[in-house]
Amino acid sequence: MKMSGGVEWALHCCVVLTASSRPVPAARLAELHDVSGSYLAKQLQALARAGLIHSVQGKSGGYALTRAPESISLLDVVHAVDGPGPAFVCTEIRQRGPLASPPEACTRACPIARAMSSAEKAWRAALAAVTIADLARDVAADSGPEALPGVSAWLTGDSAG
C-alpha cells in the first residue's frame, strides 16, 4: 500500500510532540526535520483537522497533541494525511471488453478485489495496532532514553543547538 510522504513527516512530528511539555512552533519542527515549512504546515493542518494535534496561538504558541500518544494510532495519522479511502478500488474490469461478464453474473466481488480487500484489512489492522506511544518507546529503545528529551530541549530552545 502506498502512502504519501506526508504520512512520514506527520508521524515524525507526532512522535516528537510526545517529548515536549509545551507547544512546538511549526517552523521549529520544520527545521528539526530539514523540510520546507510550507510543506510541513500542510501535514500539521491535516493532523489538526483530524483532531490529533491543536495549535496554540501567541508568542509561546505552536502545536501539541490533543490526546494521549497511547490513543493515537498510525492508522489515525494515515487517515488524517491521506484520507480514509480505500487503497484499491475495483472498477469491475470483468464487465468490460468483448468477453465482458454481465452484471447479473457478478454478484460476488472478483478474486482480485477479494484479495486486495483482505490485504488492505490486514494492513489497516497492523497500522491500528501501533500507537504514537509505541513509536516513542521504540525511539528511546533504539536511540537511547536521552534522545527524545534532547529533541524536546532543542525544540524549545532549552539547550544550545
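Scoring rules and cut-offs
- Residues numbered from 1 in each chain as written.
- Predicted model: local features only at pLDDT ≥ 70, side-chain atom pairs only at ≥ 80, totals over all residues.
- Heavy atoms only, no water.
- Phe/Tyr/Trp six-rings, centres within 6.5 Å; stacked < 30°, edge-to-face > 60°.
- Lys NZ or Arg CZ within 6 Å of the ring centre and 35° of its normal.
- Helix = DSSP H or I, 4+ residues; strand = E, 2+ residues; numbered from the N terminus.
- Expected span 1.5 Å × (residues − 1).
- Buried < 20%, exposed > 50% of the residue type's maximum accessible area, 1.4 Å probe, protein only.
- Arc of directions from axis to C-beta.
- Contact = heavy atoms within 4.5 Å.
- pLDDT = per-residue confidence, 0-100.
- Disulfide = S-S within 2.5 Å.

Undergrad: Which residues make up the packing of aromatic side chains, and what values go with them?
TA: The full count for this structure, using the stated rule, is zero aromatic pairs. Residue placement shows R28 over the ring face of W154; its charged tip is 3.7 Å from the ring centre.

Undergrad: Can you break down helix α3 (residues 37-49) residue by residue, with the values?
TA: When the terminal C-alpha atoms of α3 are compared, their 18 Å separation across 13 residues agrees well with the 18 Å that a helix rising 1.5 Å per residue should span. All buried positions along α3 are accounted for by L40, Q43, L44, A46 and L47. Buried residues of α3, seen end-on, are gathered within an arc of 155° and therefore sit on one face of the element. For α3, the exposed residues set more than 90 degrees away from the buried face come down to S38, K42 and R49. Those residues of α3 hidden inside the fold are in contact with α1 (5-18), α2 (26-33), β1 (53-56), β2 (62-65) and α4 (74-82). The first or second residue beyond α3 is G51, which carries a positive phi of 80°.

Undergrad: Could you give me a rundown of the confidence of the model for the protein chain, with the residues and numbers involved?
TA: Looking at the protein chain as a whole, the pLDDT averages 92, with 98% of positions reaching at least 70. Taking the mean pLDDT of every element in the protein chain, the minimum, 89, falls on helix α7 (residues 147-156) and the maximum, 97, on α4.

Undergrad: So what's going on with the state of the cysteines? Which residues, and what values?
TA: Overall, the coordinates contain zero disulfides when judged by the stated rule. Note on C13: no disulfide assigned, nearest cysteine sulfur contributed by C14 at a separation of 7.1 Å. Of the cysteine sulfurs around C106, a residue in no disulfide, the closest is that of C110, at 8.5 Å.

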